[in-house]
Amino acid sequence: MSKVKTAVLPVAGWGTRVLPATKSIPKPMLPIADAPAIDYIVQEAVESGIKHIILVTNRYLRAIEDYFDENPELMHILEKKNNQKLLQRIKSIENMVRISVVRQPSPRGLGHAVLMAREIVGNEPFAVMLGDDLVWSESAPCLKQLIDVYDETSASVLGVIKVPACDVSKYGVIAGELQENKLTKVTGLVEKPAIHEAPSDLAVIGRYVLSPKIFDFLETTLPGKGNEIQLTDALEALLSAEPIYACEFSGVRYDTGDTVGWLQACIEYTMRRPEFAPAMQEYFQKLQLK
Ligand code: G1P
């Protein structure tokens, strides 16, 4: 049994890259096919063995915690309509997993958001999942692939993908040595480097399995890129105490925090659903913009 049972979901970002869609709804509530992005993230967590989700929110984001709470009025309406299919689906959301909520009082960066969960996480390894990143995988869920590496190595694991040079400045980028077991042993990290400063083309996406030791380093991490307390900087500091591995997981990653990435996710997740695919295919065949 894996020791990784808790996942921290920092969801308090403003979603500035997808405004005005996120002006009055939280970014993780943007729909992908027929469910909000957060539903897919929590499903991935549950399918990876996570038992407890900690949402790091702010005072404007009540809609996210409400999504996982009971809604007796809605259930009553669906019962009256005898819509069993939807009743089951809604019940499954409400019973998905145990959810706790902590607040980040002011937006001081991803590292600071993760630190807000310290007391609830305690002294156990934990996952961090960022709401912008959806990963579709035909094999094991992305987070499960990382948890398997943690269970093997007892060291923090970062989900990474290869990105084109022109995109390195959007990500935390690692330096490292590829090992025989296909993992990369991380030797350094830089948050959003300029092209000529990037140590490699391996970018960290929003899936991490972290040792609780990271909290000690987050406590003392000073504001970095964008004047925010960066998780990447705390990870770079953690390297002085513990090893970190990077794993090129198998799966397709979507950046739903970007308008085009979000639209791609909407189309591809819809096309993968047997109940929607035929109508979508017919639509694309006939599509002619006037
Ligand atoms: C955050 C992290 C960055 C990481 C990225 C993945 O940046 O700071 O290291 O590569 O998520 O999506 P953000 O996109 O929140 O600015």
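Residues numbered from 1 in each chain as written. Predicted model: local features only at pLDDT ≥ 70, side-chain atom pairs only at ≥ 80, totals over all residues. Heavy atoms only, no water.

## A few points about the pattern of salt bridges
Part 1 of the reasoning: For the structure shown, the criterion picks out 17 salt bridges.
Part 2 of the reasoning: Of the charged contacts in the structure, one is a salt bridge between R118 and E219, with a shortest N-O distance of 2.9 Å. Of this pair, R118 sits in helix 6 (residues 118–121) while E219 sits in helix 8 (residues 214–220), and the two are 101 residues apart along the sequence.
Part 3 of the reasoning: Linking R272 and E268 is a salt bridge whose minimum nitrogen-to-oxygen distance equals 3.8 Å.
Part 4 of the reasoning: When its relative accessible area of 30% is taken as the criterion, R272 is described as partly exposed.
Part 5 of the reasoning: Residue classification places E268 among the partly exposed residues on the basis of a relative accessible area of 31%.
Part 6 of the reasoning: One continuous salt-bridge network, built from bridges that share partners, spans R17, K27, D132 and D255. (Salt bridge = Lys/Arg side-chain N within 4 Å of Asp/Glu carboxyl O. Helix = DSSP H or I, 4+ residues; strand = E, 2+ residues; numbered from the N terminus. Buried < 20%, exposed > 50% of the residue type's maximum accessible area, 1.4 Å probe, protein only.)

## Here we look at the nonpolar core
Part 1 of the reasoning: Core analysis: the biggest nonpolar cluster contains 49 residues, and L9, I32, I38, V42, I50, I53 and V209 have the highest contact counts within it.
Part 2 of the reasoning: The leading source of residues in this core is helix 1 (residues 37–47), at 6 residues.
Part 3 of the reasoning: Excluding residues that lie within four positions of it along the chain, L9 makes contacts with I38, I41, V42, I53, I54, L55, V56 and M129.
Part 4 of the reasoning: Membership of the second largest hydrophobic core comes to 31 residues, among which are V102, V114, A117 and L238. (Core = buried A, V, L, I, M, F, W, Y, C linked by side-chain atoms within 4.5 Å. Contact = heavy atoms within 4.5 Å.)

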